[in-house]
Amino acid sequence: MARQLRRTSLVPAPALPAIVWMAGFFLAPLAIVLVYSFGYKPPLDAGAGPIALDRLSFANYTDALSGAYGSIFRATLETALLATGLCLLVAFPVALVLARLPPRWRGVGLALVIIPFWTSFLLRAFAWRILLSGNGPLSEALLALGALDDPLRVLDTRGAVQLGAVYNYLPLMIFPIFVALERIDPALGDASADLGAPVWRTFVEVTVPLAAPGIAGGLFLVFIPLAGEYVLPAVLGGARGLMAGSLVASQFLEAQNWALGAAQAVVMIGLIVAALAVGSVVWVTTSWLASAWRRRQSGC
Amino acid sequence: MIGHPIRRPAPEPGGCRRLGRREFLRAAAVSLAATGLACRATGERPEASAGGLSLYTWAEYQSPENLRRFGDRFGFDVAVDVFESDEALMAKLALTGGGAGYDLIVPSLPYVGQLIARNLLQPLDYGLIPNAVNQDPAIVARRNEQGGDANGTYTVVKNWGATGFVYDTTVVQERLHDWRDFFRAAARPGVSGRVSVLASPADVAGLVFWRDGIDWRTTASDHLDHAERTLVTEIAPYVAAFDSYPAMGLLSGSYVLSQAWNGDARRAIIEAPDRLQWVTGAPAAELFIDTWAILRTAPHPEIAHAWIDYLLQPEASAREIAYIGYDTGVRGAEAHLPQDLPERSLIFLSEEERARLVPGEVNGAQDRLVAIYNRVRAAAALQG
């Protein structure tokens, strides 16, 4: 009887604090944002506060999804997806090397990845501004080497945001993949080699599938905050690097139009969820196809 | 493309380079906004400054020397907290129910009317401000003409400035004179993509209104439509950044044509006087007037009055001018300025330049101006 209860109980007692916390500080604010998104900005002289909710409408959504803003959402998703992909490409080899280091050196390697992460995010973004500026060290070095004819002009572009994103989010991709790779028993690789698989095949059919949970974790950790990124476009993006996060921020901080800002935020959350849903479907389909293919291979 | 070597900025005359307003502001604005801690961080201030005077103002907008001297006189530290736009100031006051524990705030004149309407300010006691007689009648007249606080019941002019633009003469070879030239130059190869405009909705729309002889306080929808169309086609394709403090960008060569306020333009020009050229907007441009106002909830109203009075002394006012690079409109201050103060003509604009300036207004067009601004930003982002 007691066992039965424990199994069917939906809210295990130890999880209660977390559930209360999430409900109070995540779900409730989210609900408020959702409600606000149907309100409107009261006239300035009304002195009523930043939002009016006596008439609810979809007007903010029409505005948020209209031409110019709509394209910013698309550009934001593109930037986030590309930077997440680049992060994965750079992080995987790093994680692999870290995982294969002798344990004594592994700590040192991890520290090298972590220590820059202790510096303020903002400062790291600013550091790129100095590095990439037209009269900065990188530009002058390239000019001196003759690799460039004119000073570097990367700042204030989408490319600069992408570069900053890959740099700043890299550790978030490295760690989960490293953890997954570290847990792989080296014997599995040896077994694969003993059975005649070349190195690349061991990598593709043993290492990568076993690291898959880490890769998925890394993709989530990088993509979600990056899609809402606000600091990097503000510091590195100039007029060209605008992302949806800056649009939302400007509605709240500059325009004082909380209603439109809330609608833009809801659209952004919706897009991120949709992107993750599509990503998950692709992921599941790919792994299913891959395992089907492997089964057929071994069947031959 | 441009083959000119980009020179390193020369060190500022007079010794140490201080953190520019722009770098500071950006860091402050971004970090506060990004972490969402803006309210919390400053909400803790009242206790911290319980004994002294607390200012809520723009970054790098008062002489540290004056802060120190005034604090020494009363035996406390003057606490300074910063906001990055009038809208942010209004939001903070709305969210905190009008107080937040500050004594003095520095609203721009167009917002003063709203502050008064919301009953957030207390009338000044001019008996405590004997130095008010030092105010230049000319700037007081401009303040009164704007109408937000027509008799100075609630505010004293802190300083004023104008909108114009800076261009890099090594890239833009011919002389530019007005906003029409600004638009033309922006589209040119070598300049395009290296243009900055102010991160301020009214000033960006102002580019079109000032150029085309339209009163920039307009609320007519055909004027606003015209501004939006013009900005999307004639500014968005060429703009590198929406940046209210373009000095660093101008010095590093990221920008070669920047809309700017005269005091901030001066900061850049001091460091590269042979390369950068200032133009006060023409045929019309913004006259901004920033003011000192005492909050109704101010914990230390008497010391707040004393602070305003202190800054209206010519010697103290001269220190303000030398530090911020804007004219305070205090008679006799100019005589106390350092002899070698560079680029004076950017602080004290000529009669002819002043005559072109028009004070702004917060009116029914405000939301539309912000919408236009965001559309121009979106259009600019899609160019890259």
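Check the entry above for the structure.
Just so it is clear, the structure is predicted and the values come from calculations on it, not from any experiment.

A.B. asks: Before we go on, may I ask you to explain the pattern of salt bridges in this structure?
C.D. replies: Two side chains that carry opposite charge are able to pair once their charged atoms sit near each other. This structure, assessed with the given rule, holds 18 salt bridges over all chains. Among the salt bridges present, the one from E205(A) reaches R201(A), with a minimum N-O distance of 2.8 Å. Within this pair, E205(A) and its partner R201(A) are both found in helix α10 (residues 199-227), separated by 4 residues, close to a single helical turn. As a salt-bridge pair, D168(B) and R275(B) come within 2.7 Å of each other at their nearest N and O atoms. Of the two residues, D168(B) sits in strand β4 (residues 155-168) while R275(B) sits in the loop between α12 (262-271) and β8 (276-280), which places them 107 residues apart along the sequence. Here D168(B) matches R275(B) in class, with each residue buried. Linked through salt bridges whose partners overlap, the residues forming this network are E65(B), R68(B), R69(B) and D72(B).

A.B. asks: Quick question: what am I supposed to make of the environment of A160(A) here?
C.D. replies: All names here are of chain A. Position of A160 relative to the elements: it lies in helix α8 (residues 158-182). Placed 72 residues apart in sequence, A160 and L232 show a C-alpha to C-alpha distance of 8.7 Å. If near-sequence neighbours (up to four positions away) are discounted, A160 is found in contact with L132, V154, L155 and L236.

A.B. asks: Help me out: how do you make sense of the interface of chain A and chain B in this one?
C.D. replies: Accessible area lost during the coming together of the parts is what is often quoted as the interface size. Taken together, the contacts link 38 residues of chain A with 52 residues of chain B. Our enumeration of links across chain A and chain B arrives at 2 salt bridges. Measuring nitrogen to oxygen at the nearest pair gives 2.5 Å for the salt bridge that ties K41(A) to D367(B). At the junction of chain A with chain B, the criterion picks out 9 residue pairs in polar contact (both at pLDDT 80 or more). Sorting the residues of the side of chain A that touches chain B by element identifies α4 (67-100), α6 (121-132), α11 (231-237) and α12 (244-253) of chain A as the ones contributing at least two each. Broken down by class, the residue content of the side of chain A that touches chain B amounts to 18 nonpolar, 10 polar and 10 charged.

A.B. asks: Before we go on, may I ask you to explain empty space enclosed by the protein in this structure?
C.D. replies: Take a probe with the size of a water molecule and roll it over the atoms, and the empty space left behind shows itself. Residue and element names in this part refer to chain B. Enumeration over the complete set of coordinates arrives at 4 cavities of 30 Å³ or more. Lining the second largest cavity are 13 residues, and of these V157, K158, W292, L311 and T328 sit closest to its centre. Ranked by residues supplied to the lining of the second largest cavity, first place goes to β4 with 4 residues. Across the lining of the second largest cavity, the residue classes tally to 8 nonpolar, 3 polar and 2 charged.

A.B. asks: What am I meant to see in the packing of aromatic side chains here?
C.D. replies: To describe a pair of aromatic rings, one takes the distance between the centres and the angle between the planes. This model, assessed by the stated rule, comprises 30 aromatic pairs over all chains. Ring geometry for W128(A) versus Y167(A): centroids 5.5 Å apart, planes at 65°, classification edge-to-face. In this pair, W128(A) sits in helix α6 while Y167(A) sits in helix α8, placing the two residues 39 residues apart along the sequence. Residue classification places W128(A) among the buried residues on the basis of a relative accessible area of 17%. Between F182(B) and F183(B) the ring centres are 6.3 Å apart and the planes differ by 75°, which places this aromatic pair in the edge-to-face class.

A.B. asks: Just checking my understanding: could you explain the environment of S37(A) for this structure?
C.D. replies: All names here are of chain A. Looking at the element boundaries, S37 is found in the loop between α2 (16-36) and α3 (59-64). Residue classification places S37 among the buried positions, given a relative accessible area of 0%. Taking the C-alpha atoms as reference, S37 lies 41 Å from L289; in sequence the two are 252 residues apart. Residues in contact with S37, not counting those within four places in the same chain, are S57, N60, Y61, A259, A262, A263 and V266. A distance of 2.6 Å separates the side chain of S37 from the backbone oxygen of L34, its partner in a polar contact. Looking at S37, its side chain comes within polar contact range of the side chain of Y61, at 2.6 Å.

A.B. asks: Teacher, can you tell me more about a nonpolar patch on the surface here?
C.D. replies: All names here are of chain A. A cluster of nonpolar side chains, W21, M22, F25, F26, L27, L30, I269 and V273, forms an exposed patch at the surface whose accessible area comes to about 830 Å². Within the residue set of the nonpolar patch, elements represented by two or more residues are α2 and α13 (258-299). Broken down by element, the residue count for the nonpolar patch peaks at 6 residues, all from α2. Locating W21 in the fold gives a position in helix α2.

A.B. asks: Is there a simple way to explain the environment of D168(B) in this structure?
C.D. replies: All names here are of chain B. Judged by relative accessible area, D168 falls into the buried class, the value being 2%. Residues D168 and V191 lie 23 residues apart in sequence; the distance between their C-alpha atoms is 9.4 Å. Ignoring anything within four residues of it in the chain, the contact list for D168 reads V256, R275 and L276.

A.B. asks: When you look at α8(A) in this model, what are you seeing that I'm missing?
C.D. replies: Residue and element names in this part refer to chain A. Given a rise of 1.5 Å per residue, 25 residues ought to cover 36 Å, and the 35 Å separating the end C-alpha atoms of α8 matches this to within 8%. Along α8, the helix axis deviates most sharply at Y169, where the bend reaches about 45°; the proline P171 sits within four residues downstream. Across the 25 residues that make up α8, a large majority, 18, are buried. The N-capping residue of α8, defined by a side-chain oxygen 3.3 Å from the backbone nitrogen of G159, is T157.

A.B. asks: I tried to follow the packing of helix α9 (residues 186-194) of chain A against α10(A) on my own but got confused; where do I start?
C.D. replies: Working note: a packed helix pair is described by the angle between its axes plus the distance between those axes. Residue and element names in this part refer to chain A. Close contact between α9 and α10 brings their axes to 10 Å; oriented N to C, the two are set at 160°. With respect to α10, the element α9 is oriented roughly antiparallel. Like other packed secondary-structure pairs, α9 and α10 cross with a definite hand, here right-handed. Packed against α9, whose contacting residues are L188, G189, S192 and A193, the element α10 presents T202, V206 and L210 at the interface.

A.B. asks: Which parts of the structure should I look at to understand the nonpolar core?
C.D. replies: Across soluble globular proteins, nonpolar side chains have a tendency to be buried as a group. Counting 122 residues, the largest nonpolar core has L53(B), F182(B), L257(B) and W307(B) as its most contacted members. Counting 46 residues, the second-largest nonpolar core is a separate cluster that includes F126(A), V166(A), L181(A) and A249(A).

A.B. asks: Would you take a moment to explain unusual backbone geometry for this structure?
C.D. replies: Cis geometry is adopted by the peptide bond preceding P283(B), which originates at A282(B) and carries an omega value of 5°. For P283(B), the location among the structural elements is in the loop between β8 and β9 (285-294). With a phi angle near 65°, D156(A) is a residue other than glycine that sits in the positive phi range. Its location among the elements puts D156(A) in the loop between α7 (137-145) and α8. Not every positive phi belongs to a glycine, and E60(B) is a case in point at roughly 55°. Inspection of the secondary structure puts E60(B) in the loop between β1 (53-58) and α4 (64-74).

Criteria and cut-off values
- Residues numbered from 1 in each chain as written.
- Chains lettered and ligands numbered in written order.
- Predicted model: local features only at pLDDT ≥ 70, side-chain atom pairs only at ≥ 80, totals over all residues.
- Heavy atoms only, no water.
- Salt bridge = Lys/Arg side-chain N within 4 Å of Asp/Glu carboxyl O.
- Helix = DSSP H or I, 4+ residues; strand = E, 2+ residues; numbered from the N terminus.
- Buried < 20%, exposed > 50% of the residue type's maximum accessible area, 1.4 Å probe, protein only.
- Contact = heavy atoms within 4.5 Å.
- Polar contact = N/O pair within 3.5 Å; in protein donor to acceptor, adjacent residues only side chain to side chain.
- Nonpolar A, V, L, I, M, F, W, Y, C, P; charged D, E, K, R; others polar.
- 1 Å grid on protein atoms, 1.4 Å probe; cavity = no way out; pocket = protein on both sides within 12 Å on 5 of 7 lines; lining within 4 Å.
- Points joined across faces, edges and corners; volume = space filled by probe spheres on them.
- Phe/Tyr/Trp six-rings, centres within 6.5 Å; stacked < 30°, edge-to-face > 60°.
- Patch = residues over 30% accessible without salt bridge, like charges linked within 9 Å, V, L, I, M, F, W, Y side chains within 5 Å.
- Areas by Shrake-Rupley, 256 points an atom, 1.4 Å probe, with all protein chains shown as cover.
- Expected span 1.5 Å × (residues − 1).
- Bend = angle between axes of the 7 residues up to and from the residue.
- Axes fitted to C-alpha atoms, helices over the stretch in contact; angles between N-to-C directions.
- Parallel < 35°, antiparallel > 145°, perpendicular 65-115°, else oblique.
- Left-handed = near helix turned anticlockwise from the far one by under 90°.
- Core = buried A, V, L, I, M, F, W, Y, C linked by side-chain atoms within 4.5 Å.

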